[in-house]
Amino acid sequence: MKGKFIVIEGIDGCGKTTQIDEISKWLPTSGLMGGDSKLIKTREPGGSLLGKKLRNLILDNNKNNKPSSLAELLLYSADRAEHVSKIISPALEKEDWVISDRYADSTLAYQGYGRNINLEIIRSLESIVCQGEQPDLTIFLEISAEESILRRKNFIPDRIESEGINFLKKVNEGFKLIAKEKNWKVISATQNVNAITNEIKETLLKNFS
Ligand code: TYD
């Protein structure tokens, strides 16, 4: 028996972090996890120690440090390879549960649909990087690109967030296509925070009871 691997996806500002914090408080008390299982809350980029360093490099706003699209793809992939090897796989092997803020489909959406890197290249890279670890459940928190920008207007954007609305629209369309193709649970993230949390809880109960 392995633990369960849950991923939350969505464009910037969709509220993933808030929801993951809420769900992480509830999940260990929900009765879904086995008695000895722990919950590992993690994220990409930056879930591992090396990943934290990579995150700073990847999201650096200094224009002189902007990577090429290919280098960007490989940096996110390096972060993920390390994340799988050091955090995700060991946890699942111990029957712990993992909830991750983003995983491989963020690369398909941002670098594939957003940056127009060939999707087949990304998929074949993914098959090496993920080392067989696929989510048991992916939840997509859906907001529009316009809403994403509105919600973040008082925050300093990181390098990817600075790309603007057209980039974000392409990424969001990508996420919607992937969600359909992979039969993800799609939740409208324009509802109030509690309603979204409740919908996520219901989904977890339905999938893992
Ligand atoms: P994230 O940590 O979700 O942003 P924050 O916590 O700062 O709101 O992700 C950082 C950025 O990295 C985000 O704009 C999406 C981007 N990203 C990619 O472009 N490709 C990827 O594979 C991943 C995991 C993230």
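A brief report on the enclosed structure follows. In this text, all values refer to a predicted model and were calculated from it rather than measured experimentally. (Residues numbered from 1 in each chain as written. Predicted model: local features only at pLDDT ≥ 70, side-chain atom pairs only at ≥ 80, totals over all residues. Heavy atoms only, no water.)

Some remarks on the overall build of the protein
Link 1 in the chain: Per the secondary structure count, the protein includes eight helices and five strands.
Link 2 in the chain: Each helix and strand of the protein, ordered N terminal to C terminal, gives the series β-α-β-α-α-β-α-α-β-α-α-β-α.
Link 3 in the chain: Scaling as 2.2 N^0.38, a compact globule of 209 residues should have a C-alpha radius of gyration of about 17 Å, and the protein matches this with 17 Å.
Link 4 in the chain: Principal-axis analysis of the C-alpha atoms places the extent of the protein at approximately 50 × 35 × 30 Å.
Link 5 in the chain: Out of the 209 residues in the protein, the part that is buried amounts to 48%.
Link 6 in the chain: Accessible surface computed for the protein: about 10,500 Å², of which carbon and sulfur atoms make up 52%.
Link 7 in the chain: Separation between the mean location of the 30 positive side-chain charges and that of the 29 negative ones in the protein comes to 3 Å. (Helix = DSSP H or I, 4+ residues; strand = E, 2+ residues; numbered from the N terminus. Rg over C-alpha atoms; globule rule 2.2 N^0.38 Å. Buried < 20%, exposed > 50% of the residue type's maximum accessible area, 1.4 Å probe, protein only. Areas by Shrake-Rupley, 256 points an atom, 1.4 Å probe, with all protein chains shown as cover. Lys, Arg positive; Asp, Glu negative; His and termini not counted. Charge placed at Lys NZ, Arg CZ, Asp CG, Glu CD.)

Looking at the layout of surface pockets
Link 1 in the chain: Roughly 740 Å³ of volume is contained in the largest pocket.
Link 2 in the chain: Around the largest pocket sit 32 residues that line it, and Asp 12, Lys 16, Thr 17, Arg 55 and Arg 102 are the ones nearest its centre.
Link 3 in the chain: Of all the elements in the fold, those that place two or more residues in the lining of the largest pocket are α1 (16–26), β2 (39–43), α2 (49–59), α3 (69–93) and α4 (104–114).
Link 4 in the chain: For the lining of the largest pocket, the element with the most residues is α1, which contributes five residues.
Link 5 in the chain: Taken together, the residues of the lining of the largest pocket sort by class into ten nonpolar, eight polar and 14 charged. (1 Å grid on protein atoms, 1.4 Å probe; cavity = no way out; pocket = protein on both sides within 12 Å on 5 of 7 lines; lining within 4 Å. Points joined across faces, edges and corners; volume = space filled by probe spheres on them. Nonpolar A, V, L, I, M, F, W, Y, C, P; charged D, E, K, R; others polar.)

Considering the nonpolar core
A general feature of soluble globular proteins is that nonpolar side chains tend to end up buried together.
Link 1 in the chain: The biggest cluster of nonpolar side chains holds 43 residues, and the ones touching the most others in it are Leu 27, Leu 141 and Leu 204.
Link 2 in the chain: Considering every element that reaches this core, the biggest residue donor is helix α7 (residues 165–182), with six residues.
Link 3 in the chain: If we ignore the near neighbours within four places in the chain, the residues touching Leu 204 are Ile 6, Ile 23, Trp 26, Leu 27, Leu 32, Leu 137 and Ser 209.
Link 4 in the chain: Residues Phe 5, Val 84, Leu 92 and Cys 130 belong to the second largest nonpolar core, which totals ten residues. (Core = buried A, V, L, I, M, F, W, Y, C linked by side-chain atoms within 4.5 Å. Contact = heavy atoms within 4.5 Å.)

Quick word on the packing of α1 against helix α8 (residues 193–208)
Link 1 in the chain: Axis separation between α1 and α8 bottoms out at 10 Å; the angle between their running directions is 50°. Of the possible angle classes, the one that applies to α1 and α8 is oblique. Here α1 runs over α8; the crossing is right-handed. Contacts from Thr 18, Gln 19, Glu 22, Ile 23 and Trp 26 in α1 reach Val 193, Ile 196, Thr 197, Ile 200, Lys 201, Leu 204 and Leu 205 in α8.
Link 2 in the chain: A per-class count over the contact of α1 with α8 returns seven nonpolar, three polar and two charged. (Axes fitted to C-alpha atoms, helices over the stretch in contact; angles between N-to-C directions. Parallel < 35°, antiparallel > 145°, perpendicular 65-115°, else oblique. Left-handed = near helix turned anticlockwise from the far one by under 90°.)

Quick word on the pairing of strand β3 (residues 97–101)
Link 1 in the chain: For β3, the tally of buried residues reaches five of five residues, placing the bulk of the element in the interior.
Link 2 in the chain: Burial along β3 is two-sided: the face carrying Trp 97, Ile 99 and Asp 101 and the face carrying Val 98 and Ser 100 are both buried.
Link 3 in the chain: Relative to β3, strand β1 (residues 5–9) runs parallel, the two sharing four bridges. The partner of Phe 5 across the bridge, within β3, is Val 98.
Link 4 in the chain: Two elements, β2 and β3, share five bridges in a ladder whose sense is parallel. The residue of β3 that forms the bridge with Ile 40 is Val 98. (Pairing = 2+ DSSP bridges.)

Considering the site of the ligand
Link 1 in the chain: Every one of the 16 residues lining the ligand counts as a neighbour, but Asp 12, Tyr 76, Arg 102, Thr 107 and Gln 111 are closest to it.
Link 2 in the chain: The contact in question runs from a nitrogen atom of the ligand to an N or O atom on the side chain of Gln 111, over 2.8 Å.
Link 3 in the chain: Burial of the ligand by the protein chains amounts to 91% of its free accessible area of 550 Å².
Link 4 in the chain: With respect to the pocket detection grid, the ligand is positioned in the largest pocket. (Near = heavy atom within 4 Å. Polar contact = N/O pair within 3.5 Å; in protein donor to acceptor, adjacent residues only side chain to side chain. Sits in = over half its atoms within 2 Å of the grid points.)

Some remarks on the pattern of salt bridges
Link 1 in the chain: What the rule picks out here adds up to 18 salt bridges.
Link 2 in the chain: Note that Asp 101 and Lys 16 form a salt bridge whose closest N and O atoms lie 2.6 Å from each other. Of the two residues, Asp 101 sits in strand β3 while Lys 16 sits in helix α1, which places them 85 residues apart along the sequence. The same class applies to Asp 101 and to Lys 16, which are both buried.
Link 3 in the chain: The salt bridge involving Lys 169 is made with Glu 146; its shortest N-O contact spans 3.3 Å. Of this pair, Lys 169 sits in helix α7 while Glu 146 sits in helix α6 (residues 145–151); the two residues are 23 residues apart in sequence, bridging distant segments of the chain.
Link 4 in the chain: You can call Lys 169 partly exposed: its relative accessible area is 36%.
Link 5 in the chain: Glu 146 sits in the partly exposed class, given a relative accessible area of 42%.
Link 6 in the chain: Shared partners join several salt bridges into a network, and the residues in it are Glu 72, Arg 115, Arg 159 and Glu 163. (Salt bridge = Lys/Arg side-chain N within 4 Å of Asp/Glu carboxyl O.)

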